[in-house]
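What follows is the residue order along each chain.
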Amino acid sequence: MNVTHLECALCGLRHEARTLQNLCVECGKPLLVRYDLAAAAKGFEAAWPEKWGDRLSANGRSILARDSSLWRYREVLPVDDAANVVSFGEGWTPLIPVKALAATLPVKLDLYIKDEGQNPTQSFKARGMAAAISMAKELGVRRVAVPSAGNAAGALAAYAARAGMEAFIFMPADTPKANVIECRQTGANVTLVDGLITDCGKIVAERKEAEGWFDVSTLKEPYRVEGKKTMGYELAEQMSTGAIATGGERNREMTIPRLPDVILYPTGGGTGLIGMWKAFDEMEQMGWIGRERPRMVSVQSETCAPIVRAFNEGKRFADEFENAATVASGLRVPKAIGDFLILDAIRASGGTAVSVTDAELVAAVAEIGALTGIFAAPEGAACLPALRKLIAEGQVRKGESVVMFNTGAGVKYLECFQ
Ligand SMILES: *Cc1c(COP(=O)(O)O)cnc(C)c1O
């Protein structure tokens with residue numbers, strides 16, 4: 001609708017929007033969707049009963065008069081014809097204040113969990129797949145394929161089934177069992193591979209032409225990141241309107257900024273972090289926010305930390321991480337195609353990258369669970385020990401607002417807790 005073109009994230013080369021595309025034809029890097037943001041801003045105009053940023057919604061409800069799903073931001077999403085939207089109502093997840101958990105920290109923080117485990121298929125992969133499968137439908141795709149560390153597969157299987165497409169899924173053999181089962185039960189063709197997600201990716205790349213598959217690997221097609229960027233829009237809308245899950249009334253003592261000071265994001269391929277960073281730029285161009293940005297923090301497992309290593313070494317591209325292993329399967333990405341986009345965003349934001357051990361992140365699941373009632377995915381739980389490290393180093397300070405992303409649901413990882 002407001003899409004103008006696709007643009008290579010590295011070399012800037014312009015690509016056609018209304019045709020199926022994977023990577024930049026020149027340099028092989030990800031393509032990003034560009035919009036006519038003036039037109040988008042105009043489209044949103046009528047949906048704002050009050051002006052953005054007015055803190056008048058004392059009833060604690062959002063002020064954008066739209067669906068409670070990520071499609072509330074349709075002006076900055078790529079689907080042209082609403083009839084092509086494939087949806088289970090994903091997105092618009094609650095931003096939950098977690099005071100009892102915050103009270104265990106050595107400094108007083110305004111601490112929130114954005115609970116992405118409440119998405120369809122129990123992870124934020126639903127956001128990306130909703131956008132990708134809707135666009136695949138719009139562009140006439142019948143067969144889709146993906147390498148996945150777990151949750152992307154479950155989401156793809158569900159959205160493909162809903163769209164009436166065939167899904168071909170390649171996962172490491174030691175992927176959490178729930179992911180394998182959900183894919184099979186929702187009609188996907190599942191192949192377990194003795195290797196890592198990168199090995200699965202190679203198989204898809206080799207076979208896709210002969211099989212007629214469209215490759216929906218993250219950032220190897222332009223639309224999953226568009227779905228995930230809506231987390232950035234939601235944070236801004238929820239924080240500036242007080243649409244926070246306080247159980248009804250907005251907490252009036254809370255000073256509500258438009259964006260948090262710090263975002264902790266468990267990083268595998270980095271799609272969500274890259275997406276949120278893109279969303280902040282778009283919002284600034286539409287006049288919704290100023291130049292302020294949260295400090296973006298990538299959280300990884302010590303035994304698969306390519307971004308943390310590259311950040312510490314001052315590199316723009318991350319080397320492949322050898323012998324990558326972690327029970328937080330969503331973080332088991334030894335080489336991310338969007339590495340430079342993650343690292344650029346972290347640095348531009350004044351943020352950082354932190355790793356924690358698997359023992360720390362698994363222990364954090366129970367700690368978060370007991371103090372908040374949220375049964376977090378181990379990936380999301382990793383944010384807590386990471387936050388403690390940042391506080392100890394003085395990188396997060398008293399009075400700051402901090403959002404931790406719980407990217408999935410603990411129920412999918414029963415093997416971790418036995
Ligand atoms: C995929 C996944 C991640 C990593 O997400 P990226 O945006 O690719 O970095 C984190 N947590 C969970 C639960 C996931 O499924």
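No experiment lies behind these values; they were computed from the predicted model shown.

1. Looking at the site of the ligand
Move 1: Near the ligand lie 17 residues; those nearest to it are K125, Y265, G268, G270 and T407.
Move 2: K125 is positioned with one of its side-chain polar atoms (N or O) 2.8 Å from an oxygen atom of the ligand.
Move 3: Within the side chain of Y265, a nitrogen or oxygen atom sits 2.4 Å from an oxygen atom of the ligand.
Move 4: Relative to its unbound accessible area of 380 Å², the ligand is 96% covered by the protein chains.
Move 5: Grouping the constituent residues of the shell around the ligand by class yields four nonpolar, 10 polar and three charged.

2. Here we look at the packing of aromatic side chains
Move 1: According to the stated counting rule, one finds 11 aromatic pairs in the structure shown.
Move 2: Taken together, a centroid distance of 5.2 Å and an interplanar angle of 35° make the contact between Y73 and Y233 tilted. Remark: Y233 occurs in helix α7 (residues 224-241) and Y73 occurs in the loop between α1 (37-45) and β4 (95-97); sequence separation between them is 160 residues.
Move 3: Look at F170 and W213: their rings are 5.6 Å apart centre to centre, the planes differ by 50°, and that puts the pair in the tilted class. With a gap of 43 residues between them, F170 in strand β7 (residues 166-172) and W213 in the loop between α6 (197-211) and β9 (214-215) connect regions that are remote in the sequence. Like W213, F170 is buried.
Move 4: Site record: aromatic cluster; members linked through ring pairs are F44, Y73, Y233 and W288.
Move 5: K228 extends its terminal NZ or CZ atom over the ring of F124, reaching a point 3.7 Å from the ring centre.

3. Digging into the pattern of salt bridges
Pairing between side chains of opposite charge can happen when the charged atoms of each approach one another.
Move 1: Taken as a whole and judged by the stated rule, the model has 27 salt bridges.
Move 2: Note that E138 and R18 form a salt bridge whose closest N and O atoms lie 2.8 Å from each other. In this pair, E138 is assigned in helix α3 (residues 125-138) and R18 in the loop between β2 (14-15) and β3 (31-35), connecting sequence segments 120 residues apart.
Move 3: Note on R18: relative accessible area 39%, which makes it partly exposed.

4. Side note on the sheet that holds β4
Move 1: Spatially, β4-β5-β13-β10-β11-β12 is the arrangement adopted by the six strands of the open sheet, whose pairing is mixed. Strand pairing shows two members of the sheet lacking a second neighbour, β4 and β12 (352-356), which therefore form its edges. Across the sheet, the mean angle separating the axes of adjacent strands is 25° when strand polarity is ignored.
Move 2: Examined bridge by bridge, strand β5 (residues 110-115) and strand β13 (residues 401-406) share six bridges and lie parallel to one another. Bridge pairing in β13 places L111 opposite V402.
Move 3: Those strands touched by helix α11 (residues 358-372) are β5, β11 (295-301) and β12, and its axis lies near 90° from that of β12.

5. Details of the sheet that holds β3
Two strands in a sheet stick together by hydrogen bonds in their backbones, pointing the same way (parallel) or opposite ways (antiparallel).
Move 1: The three strands lie next to each other as β2-β1-β3, forming an open sheet whose pairing is antiparallel. The sheet is open, and its two borders are formed by β2 and β3, each paired with just one other strand.
Move 2: Pairing of strand β1 (residues 3-8) with β3 involves five bridges; the strand directions are antiparallel. Among the inter-strand pairings, H5 is bridged to a residue of β3, identified as R34.

6. Remarks on the pairing of β5
Move 1: Judged by how many residues are buried, β5 sits mostly within the fold: five of six residues are covered.
Move 2: Sheet topology note: the β4/β5 ladder contains three bridges and is antiparallel. Bridging from a neighbouring strand, P97 pairs with Y112 of β5.

7. Some remarks on the environment of K335
Move 1: Relative to the assigned elements, K335 resides in the loop between α9 (306-312) and α10 (339-349).
Move 2: Along the primary structure K335 and A318 are separated by 17 residues, whereas in three dimensions their C-alpha atoms are 7.1 Å apart.
Move 3: Sequence-distant contacts of K335, that is, excluding residues within four places in its chain, are made with T198, A318, D319 and E320.
Move 4: At 2.7 Å, the side chain of K335 forms a polar contact with the backbone oxygen of A318.

8. Here we look at a nonpolar patch on the surface
Move 1: On the surface, F375, V411, L414 and F417 cluster together into a nonpolar patch covering about 350 Å² of accessible area.
Move 2: Of note, L414 is situated in the segment after β13.

9. Quick look at the environment of Q21
Move 1: In this fold, Q21 is placed in the loop between β2 and β3.
Move 2: Judged by relative accessible area, Q21 falls into the buried class, the value being 13%.
Move 3: In this view, Q21 contacts L6, H15, E16, L31, F214, K220, E221 and P222; residues no more than four positions away in its chain are not counted.
Move 4: Within the structure, the side chain of Q21 is placed 3.1 Å from the backbone oxygen of E16, a separation counted as a polar contact.

Cut-offs used in this document
Residues numbered from 1 in each chain as written. Predicted model: local features only at pLDDT ≥ 70, side-chain atom pairs only at ≥ 80, totals over all residues. Heavy atoms only, no water. Near = heavy atom within 4 Å. Polar contact = N/O pair within 3.5 Å; in protein donor to acceptor, adjacent residues only side chain to side chain. Areas by Shrake-Rupley, 256 points an atom, 1.4 Å probe, with all protein chains shown as cover. Nonpolar A, V, L, I, M, F, W, Y, C, P; charged D, E, K, R; others polar. Phe/Tyr/Trp six-rings, centres within 6.5 Å; stacked < 30°, edge-to-face > 60°. Helix = DSSP H or I, 4+ residues; strand = E, 2+ residues; numbered from the N terminus. Buried < 20%, exposed > 50% of the residue type's maximum accessible area, 1.4 Å probe, protein only. Lys NZ or Arg CZ within 6 Å of the ring centre and 35° of its normal. Salt bridge = Lys/Arg side-chain N within 4 Å of Asp/Glu carboxyl O. Pairing = 2+ DSSP bridges. Axes fitted to C-alpha atoms, helices over the stretch in contact; angles between N-to-C directions. Contact = heavy atoms within 4.5 Å. Patch = residues over 30% accessible without salt bridge, like charges linked within 9 Å, V, L, I, M, F, W, Y side chains within 5 Å.

All we've got here are geometric facts, nothing functional implied.
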